[in-house]
Amino acid sequence: MAAKAGATPATYSPSPTTNKKTRPPLFTDVDWVRPDGRDFHQCRPAFLRTGAVNAASGSAYAEFGNTKVIVSIFGPRESKKAMMYIDIGRLNCNVSYTTFATPVRGQASENKDISSQLHKSLEGAIMLDTFPKTTVDVFALVLESGGCDLPVVISCASLALADAGIMMYDLVAAVSVSCLGKNLVIDPVTEEENYQDGSLMITCLPSRNEVTQLTITGEWSASKIHEAMELCLDACSKLGKIMRSCLKESASTSQE
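All values derive from a computational prediction rather than experimental measurement.

Asker: Just give me the short version of the environment of Ile202, but keep the residues and values in it.
Answerer: Within the secondary structure layout, Ile202 lies in strand β8 (residues 198–205). Separated by 29 residues in the primary sequence, Ile202 and Ala173 place their C-alpha atoms 8.3 Å from one another.

What follows is the structure, given as structure tokens:
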């Protein structure tokens, strides 16, 4: 039915919503202090331990501040999808969160997306041709989400793979940086991630100085990207040394 002349046409457009969170004054002040008291370019203390799960081929536990992750490795096992001989192995990654990982249930990140990024980060570091026609399963469980979940999961998974004896070109270390106004903060906590203007994460092989994954969100200037990458690469190099020390300590303990 035609509308009456002069009548205002109806609209079905959704009302504009303001989903963007208003940044607290804490993050707009030039001299603001980070929630945990760290300097802008200071990472959280890292606690790493291998052999956390006895039933697994290899495992590791990582604790970076309030972020706690445990990773179990199973395999190599015969691949069910390998109907014909293939000259490289397969890597299967799965990341999940405990129901108590976040203060509010259901706030955890999308598991499929994190699992995919974990796979991309690890695949380039593993010598897949050393276990043809088989699959290695990587199961990561985030016990507590305190910020920078993905970088911690990646680093912990790399340590667990080494503990399982999986041949790798190098350990994989991951670090992220958040942009808050004019400031770059490394290894952000959840509160900082909630109000960030953008984030940059680098996953690399520290000993070989090779990047396996670079993820950028938000708007960045070329100078800021360069500065953030330098911060991440330097932190990855130092984290790699801590990871190797953990493996050496574990090996010497098992020999005793």
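Asker: Mind laying out the sheet that holds strand β4 (residues 90–97), listing which residues take part and the relevant values?
Answerer: A sheet is described by the order of its strands in space; here 5 strands give the open sequence β1-β2-β3-β5-β4, paired in mixed fashion. Here the strands that pair on one side only, and so sit at the sheet edges, are β1 (46–50) and β4. Neighbouring strand axes in the sheet, compared pairwise and without regard to direction, differ in orientation by 15° on average. Relative to strand β2 (residues 58–64), β1 runs antiparallel, the two being bridged by 5 bridges. Looking at β2, one finds that Leu48 is bridged to Ala62. Strands β1, β2, β3 (67–78), β4 and β5 (134–144) of the sheet are contacted by helix α3 (residues 149–163), whose axis makes an angle of about 40° with β3.

Asker: How would you summarise the environment of Gly75 if you had to cite specific residues and measurements?
Answerer: Mapped onto the elements, Gly75 comes out in strand β3. Sequence separation between Gly75 and Ile166 is 91 residues, and the spatial gap between their C-alpha atoms is 9.2 Å. Aside from chain neighbours lying at most four places away, what touches Gly75 is Ser57 and Thr135.

Asker: Account for the packing of aromatic side chains, naming residues and giving values.
Answerer: Geometrically, a pair of aromatic rings is defined through the distance of the ring centres and the angle of the planes. Counting across every chain of the model gives 2 aromatic pairs. Aromatic side chains Phe47 and Tyr61 sit 6.2 Å apart centroid to centroid with 65° between the ring planes, which places their arrangement in the edge-to-face category. Of this pair, Phe47 sits in strand β1 while Tyr61 sits in strand β2, and the two are 14 residues apart along the sequence. Note on Phe47: relative accessible area 42%, which makes it partly exposed.

Asker: Could you give me a rundown of the environment of Gln213, with the residues and numbers involved?
Answerer: Summarising the element assignment, Gln213 is placed in strand β9 (residues 210–218). For the pair Gln213 and Gly124, spaced 89 residues apart in sequence, the C-alpha to C-alpha distance is 9.1 Å. With residues near it in sequence (within four places) discarded, Gln213 still touches Gln117, Lys120, Ser121, Met201, Ile202 and Thr203. Of note is the side chain of Gln213, whose polar atom sits 2.3 Å from the side chain of Ser121.

Asker: Describe unusual backbone geometry, listing the residues and the values that go with them.
Answerer: For the bond running from Gly75 to Pro76, omega is 5°, close enough to zero to count as cis. Mapped onto the elements, Pro76 comes out in strand β3. The phi dihedral of Asn209 is positive, around 55°, even though this residue is not glycine. Tracing the backbone shows Asn209 in the loop between β8 and β9.

Conventions used here
- Residues numbered from 1 in each chain as written.
- Predicted model: local features only at pLDDT ≥ 70, side-chain atom pairs only at ≥ 80, totals over all residues.
- Heavy atoms only, no water.
- Helix = DSSP H or I, 4+ residues; strand = E, 2+ residues; numbered from the N terminus.
- Pairing = 2+ DSSP bridges.
- Axes fitted to C-alpha atoms, helices over the stretch in contact; angles between N-to-C directions.
- Contact = heavy atoms within 4.5 Å.
- Phe/Tyr/Trp six-rings, centres within 6.5 Å; stacked < 30°, edge-to-face > 60°.
- Buried < 20%, exposed > 50% of the residue type's maximum accessible area, 1.4 Å probe, protein only.
- Polar contact = N/O pair within 3.5 Å; in protein donor to acceptor, adjacent residues only side chain to side chain.

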